[in-house]
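In case you want the letters, here they are:
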Amino acid sequence: MPQFQKKAILLQNKKVTEDIYKITLESPEVARAARPGQFVMVKAFNGFDPLLRRPFSIYQVTDNGNLQLLYKVIGKGTKLLAGMKPEQHIDIIGPLGRGFAFDRSKICIVGGGIGVAPLFHLMKRVLRSPHPSKVTVLMGARSREEMLGITQDFEKLGVELGVATDDGSMGHKGPVTELMGEIRDQDAGWTVFSCGPYPMLKAVAKICDEYGWECQVSMETMMACGVAACLGCAIPAAAEEIGYLHTCKDGPVFDARELAWI
Amino acid sequence: MDIDTVDLRVAIGGLALQNPVMTASGTFGYGEEFSPYVNLHRLGAIIVKGISLQPRKGNPPPRIVETPCGMLNSIGLENVGLDTFISDKLPFLLETRTKVIVNILGDCVEEYAELAQKLSDHKGIGAIEINISCPNVKKGGVAFGTDHKMAAEVTAKVRKATSLPLIVKLSPNVTDIALIAKAVEEAGCDAISLINTLLGMAIDIQSRTPKLRNVVGGLSGPAIKPVALRMVWQVAQCVNVPVIGIGGISSAADAIEFLIAGASAIQIGTANFINPQITEQIITGIKNYLQEHEIDSVRKIIGSLKV
Ligand SMILES: Cc1cc2nc3c(=O)[nH]c(=O)nc-3n(C[C@H](O)[C@H](O)[C@H](O)COP(=O)(O)OP(=O)(O)OC[C@H]3O[C@@H](n4cnc5c(N)ncnc54)[C@H](O)[C@@H]3O)c2cc1C
Ligand SMILES: Cc1cc2nc3c(=O)[nH]c(=O)nc-3n(C[C@H](O)[C@H](O)[C@H](O)COP(=O)(O)O)c2cc1C
Ligand code: FES
C-alpha cells in the first residue's frame, strides 16, 4: 500500500457548523491511494507548539480527485487549522492505517457527531460499487444544528437517514444506538460500520454482539507518529496474550471483537 | 569548495559511519516503518526500538501526551522480544547500507549480558547500545543509570559478553551526569550516548487525573534540547570515549550545536514523528554548513566550542 509525505495545497476551508469545518486539499497521490476508513497525519502549523501532527480520517475523495477532511475545532491544532486559507500548504502523511472491509450485502452505518467523518467515504464507495448493498444510515448528534452539518452530504447522495439528537431537536431524543433495534428483522444480520465517541462505540459493539451482527468500529487514540513507530497509540486487545493493538497500524478500523472495551 | 568533497564520516569506538546522523531508539521503529518516507541507505546508523529477551506488552494507555514544545511518553518498553527481532525485523535492516545498532534493556544485569551475547552471534550488527534508564528489579526498581555503581556493573557485564562496539545510553535524571559517565567509561564502554528522556508529568485539571495512565513519563522533543546540550558538553569534557548527542534535535543547526559541544555523532528522536524526512534533511544541512564555512570534514567541528 503506497504512503506519501506531501505538501497538499489548501483549496477550501469551509465552516459547516459552529465548530465543524470541511477542508479540501489537493494531494492527488494521497487521494488516489485512499481507502474508506484510512486517515492522514496533518501538520498545518510551523514551529514547535503544537508539536505533533494531528490525525484526521479521510472524509471523502471528491469527484475531481481532491482530498476532503471534516474536523471539529477542539484545541490548539484544530483552531490553527480552521484559520488556514486557500493556497496555503499543509504537510500531510498518508493514507495510513487499516480501513473498513465492506463486502457484505446489508450495511448499517452508525455515526455519532464528528465520527461521521470516515463513514461518508465508506458510504460513497459502497453506493458506487457494482453491486450496491442495502444501506441504512443512523446518525446521532448533540442538536439539530450539528445534525444538519454532518448529514448534508449524505442527503445529497439520496440515502435515507435515521436521526437521533441529545436534545430532541431533531429525530429521536436519545442515543443513536436506540435506533438500532428498529432495523432488527428476521432475515440475515447486518454488518455495522461505526465511528463516534467511545461510549457510543462501546454500546454499538454490545448491541451487535447481542444481535449477532458483524461490527467494525473506527477508533481514536492519542498518536505521535501515525506510522507504527512510537507505540503511543496502544488500545487494549480482547485477547489477553496480545495485550495491546495499535490504532495507527492495526486500526483505526477494528472488528469490534478484537477490542477489550474496558 | 565543492559540496562533494565535504567529508561527513565519523568513527564511534570502532564503528565507522558514513555520517554522524542516527535515529534514536524508540522513535524509528525497526526502520522499515520509515522506508516510504526516507532513504534509509543515507543514514549514519539506525538504532532500533529497545529489545528485551522476552516480548513486552508495555503500559496501559494513554501512553503519550503533548506538552509545550515536547511530549511525554510512558510506552513501557513495549517490544517484540529478541527472537522475533532477529527473525522478522533484522533481515530487512541488514539489507540497507546503513549501520544497525541494537538498543537493549533488561530487568537485571544478567539479562543485559545474555542479550549482548546472543546478538553478537548475528553477523551485520554494528554495535550495541544499552539503555540503563530501566529499573533494576533485583535492586528495588531503582534505575541502573541513576547509580554509578550499578551503571558500571551492567556496563562491565555486557563488555565481557560481547566484542561489538558498546554504547552506554545515559539517563539525565541524575544529580551528577559526569560521575556516571566516568564510571561507565572505566567499566569499558566504547562510546556514551545521552540523553534519554527527562522524567515529567502532566495533569488534567478538570478531572484532576494524570494525563498519562502511568502518571509519570519521559519528556522529549525541542523542550529538552538546552538541558541535553549542557549535559553532552559536560560529559564530553570529562571522558575520552566518543559522545553521541541526543535530545530535541530538530534541525541541522541543532545537530551542529551538539557537534560543536563535543558530540561525535547525534541521534534524532521525536523529530522523526513530526517530519519523517528530517534525518536526510539534517545530513544535507550539515554538509551545506560545512561547505559554507569552508570546512572539509565534519570531524573538525567536533568539540570546537570557543568558550
Ligand atoms: C485515527 C483518527 C482519526 C481522527 N479523525 C478525525 C476526524 O475526521 N475529524 C476530527 O475532527 N477529529 C478526528 N480525530 C481526532 C483529532 O485528531 C483530534 O481532535 C485532534 O488531534 C485535536 O487536536 P487539537 O490540537 O485541536 O486539540 P488538543 O489541544 O491537542 O487537545 C484537546 C483535547 O482533546 C484531547 N485529544 C487530542 N487528540 C485526541 C485524540 N486523538 N483522541 C482523543 N482525544 C484527543 C486532548 O487530550 C485534549 O484534552 C481523529 C483521531 C484519530 C486518532
Ligand atoms: C516514544 C518514545 C519511545 C522511546 N523508546 C526508547 C527506547 O526503547 N529505548 C531508549 O533507549 N530510548 C527510548 N526513547 C528515548 C529516545 O531515544 C531519546 O533518547 C529521547 O527521546 C530524547 O531525544 P529526542 O528529544 O530527540 O526525542 C524513546 C523516546 C520516545 C519519544
Ligand atoms: S501513533 Fe505511533 S505507533 Fe501508532
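Whatever comes next refers back to the structure up there.
Quick look at the structure, then. Please read these numbers as outputs of a predicted model, since none were measured by experiment.

### Structural notes on the overall build of chain A
Phase 1: Helix and strand counts for chain A stand at 5 helices and 16 strands.
Phase 2: For 262 residues, the compact-globule formula gives about 18 Å, and the C-alpha radius of gyration of chain A, at 18 Å, lands near that figure.
Phase 3: Per-residue burial for chain A yields a buried fraction of 59% across its 262 residues.
Phase 4: For chain A, the accessible area works out to roughly 11,300 Å², and carbon and sulfur atoms hold 51% of it.
Phase 5: Across chain A, the centroid of the 30 positively charged side chains sits 6 Å from that of the 29 negatively charged ones.

### Some points on the interface of chain B and chain A
Phase 1: Taken together, the contact between chain B and chain A spans 31 residues of the former and 31 residues of the latter.
Phase 2: Summing both partners gives a buried area of about 2,500 Å² for chain B against chain A, and 64% of it is carried by carbon and sulfur.
Phase 3: The three residues of chain B that bury the most area against chain A are Tyr37(B), Glu66(B) and Ile274(B), which together make up 25% of that side's buried surface.
Phase 4: The interface formed by chain B and chain A includes 1 salt bridge.
Phase 5: Between Glu66(B) and Arg54(A) there is a salt bridge, with the nearest N and O atoms lying 2.9 Å from each other.
Phase 6: Taken together, chain B and chain A are joined by 9 residue pairs in polar contact (both at pLDDT 80 or more).
Phase 7: Taken together, the elements giving at least two residues each to the side of chain B that touches chain A come down to β5 (64-67), β6 (70-73) and α7 (271-274) of chain B.
Phase 8: When grouped by side-chain class, the residues that make up the side of chain B that touches chain A number 15 nonpolar, 10 polar and 6 charged.

### Overview of empty space enclosed by the protein
All names here are of chain A.
Phase 1: Under the defined criterion, the tally for this structure stands at 1 cavity of 30 Å³ or more.
Phase 2: Roughly 30 Å³ of internal volume is contained in the largest cavity.
Phase 3: Considering the residues around the largest cavity, the lining is formed by Met-1, Pro-2, Ala-33, Arg-35, Gln-38 and Pro-95.
Phase 4: Partitioned by chemical class, the residues of the lining of the largest cavity number 4 nonpolar, 1 polar and 1 charged.

### Considering unusual backbone geometry
Phase 1: For the bond from Gly251(A) to Pro252(A), the omega torsion is 10°, close enough to zero to count as cis.
Phase 2: In this fold, Pro252(A) is placed in the loop between β15 (244-246) and β16 (253-255).
Phase 3: In this structure, Pro62(B) follows Pro61(B) across a cis peptide bond, with omega equal to -5°.
Phase 4: A positive phi angle, close to 65°, is found at Leu231(A), a residue other than glycine.
Phase 5: Among the structural elements, Leu231(A) can be located in the loop between β13 (214-218) and β14 (234-236).
Phase 6: Judged by its relative accessible area of 15%, Leu231(A) is buried.
Phase 7: At Glu294(B), a residue that is not glycine, the phi angle is positive and equals roughly 55°.
Phase 8: Summarising the element assignment, Glu294(B) is placed in the segment after α8 (278-292).
Phase 9: For Glu294(B), a relative accessible area of 58% gives the class exposed.

### Some details on the site of ligand 1
Residue and element names in this part refer to chain A.
Phase 1: Residues in close proximity to ligand 1 total 19 residues, the closest being Arg-54, Pro-55, Lys-72, Gly-77 and Thr-78.
Phase 2: Between ligand 1 and the protein, one listed contact pairs an oxygen atom with a backbone N or O atom of Lys-76 at 3.3 Å.
Phase 3: Relative to its free-state accessible area of 880 Å², ligand 1 is covered by the protein chains to the extent of 75%.
Phase 4: Of all the secondary-structure elements, those providing two or more residues to the shell around ligand 1 are β4 (54-57), β6 (67-72) and α2 (76-82).
Phase 5: When residues in the shell around ligand 1 are grouped by element, the largest group, 4 residues, is from β4.
Phase 6: In terms of residue class, the shell around ligand 1 is made up of 10 nonpolar, 5 polar and 4 charged.

### A short note on the packing of aromatic side chains
Residue and element names in this part refer to chain A.
Phase 1: One pass over the full model with this rule turns up 10 aromatic pairs over all chains.
Phase 2: Between Phe-120 and Phe-154, the aromatic rings sit 5.1 Å apart at their centres with planes inclined by 70°, giving edge-to-face as the arrangement. With a gap of 34 residues between them, Phe-120 in helix α3 (residues 117-128) and Phe-154 in helix α4 (residues 144-156) connect regions that are remote in the sequence. In this structure, Phe-120 and Phe-154 share a single accessibility class: buried.
Phase 3: Arranged with centres 5.6 Å apart and planes meeting at 35°, the rings of Tyr-198 and Trp-261 form a pair that is tilted. Taken together, the residues span a long stretch of sequence, with Tyr-198 in helix α5 (residues 198-211) and Trp-261 in the segment after β16 at a distance of 63 residues.
Phase 4: Here Tyr-198 falls in the partly exposed class, since its relative accessible area comes to 34%.
Phase 5: In textbook terms, an aromatic cluster arises when at least three aromatic residues are bridged by ring pairs, as seen for Tyr-21, Phe-56 and Tyr-71.
Phase 6: One Lys or Arg, Arg-184, reaches over the ring of Tyr-211 and ends 3.9 Å from the middle of that ring.

### Quick look at the nonpolar core
Phase 1: Ranked by size, the top nonpolar core spans 113 residues in total, and within it Phe85(B), Leu170(B), Ile192(B), Leu194(B) and Ile286(B) carry the most contacts.
Phase 2: If near-sequence neighbours (up to four positions away) are discounted, Leu170(B) is found in contact with Ile132(B), Ser133(B), Ile177(B), Ile180(B), Ala181(B), Val184(B), Ile192(B), Ser193(B), Leu194(B), Ile195(B) and Asn196(B).
Phase 3: Leu138(A), Val192(A), Ile207(A) and Leu259(A) belong to the second-largest nonpolar core, a separate cluster that totals 27 residues.

### Observations regarding the pattern of salt bridges
Residues and elements named next belong to chain A.
Phase 1: Applying the stated criterion to the full structure yields 26 salt bridges over all chains.
Phase 2: Between Lys-6 and Glu-29 there is a salt bridge whose closest N-O contact spans 3.8 Å. Note that Lys-6 is positioned in strand β1 (residues 4-15) and Glu-29 in helix α1 (residues 28-33), a separation of 23 residues in sequence.
Phase 3: Overall, the relative accessible area of 27% leaves Glu-29 in the partly exposed class.
Phase 4: Taking the shortest distance from any N to any O, the salt bridge between Arg-257 and Glu-214 comes out at 3.3 Å. Residue Arg-257 is found in the segment after β16, and its partner Glu-214 is found in strand β13; the two are separated by 43 residues along the sequence.
Phase 5: The partly exposed category is assigned to Glu-214, whose relative accessible area is 27%.
Phase 6: What you see here is one network of salt bridges that share partners, running through Asp-19, Lys-72, Arg-142 and Glu-146.

What counts and how
- Residues numbered from 1 in each chain as written.
- Chains lettered and ligands numbered in written order.
- Predicted model: local features only at pLDDT ≥ 70, side-chain atom pairs only at ≥ 80, totals over all residues.
- Heavy atoms only, no water.
- Helix = DSSP H or I, 4+ residues; strand = E, 2+ residues; numbered from the N terminus.
- Rg over C-alpha atoms; globule rule 2.2 N^0.38 Å.
- Buried < 20%, exposed > 50% of the residue type's maximum accessible area, 1.4 Å probe, protein only.
- Areas by Shrake-Rupley, 256 points an atom, 1.4 Å probe, with all protein chains shown as cover.
- Lys, Arg positive; Asp, Glu negative; His and termini not counted.
- Charge placed at Lys NZ, Arg CZ, Asp CG, Glu CD.
- Contact = heavy atoms within 4.5 Å.
- Buried area = accessible area lost by both parts, 1.4 Å probe.
- Salt bridge = Lys/Arg side-chain N within 4 Å of Asp/Glu carboxyl O.
- Polar contact = N/O pair within 3.5 Å; in protein donor to acceptor, adjacent residues only side chain to side chain.
- Nonpolar A, V, L, I, M, F, W, Y, C, P; charged D, E, K, R; others polar.
- 1 Å grid on protein atoms, 1.4 Å probe; cavity = no way out; pocket = protein on both sides within 12 Å on 5 of 7 lines; lining within 4 Å.
- Points joined across faces, edges and corners; volume = space filled by probe spheres on them.
- Near = heavy atom within 4 Å.
- Phe/Tyr/Trp six-rings, centres within 6.5 Å; stacked < 30°, edge-to-face > 60°.
- Lys NZ or Arg CZ within 6 Å of the ring centre and 35° of its normal.
- Core = buried A, V, L, I, M, F, W, Y, C linked by side-chain atoms within 4.5 Å.

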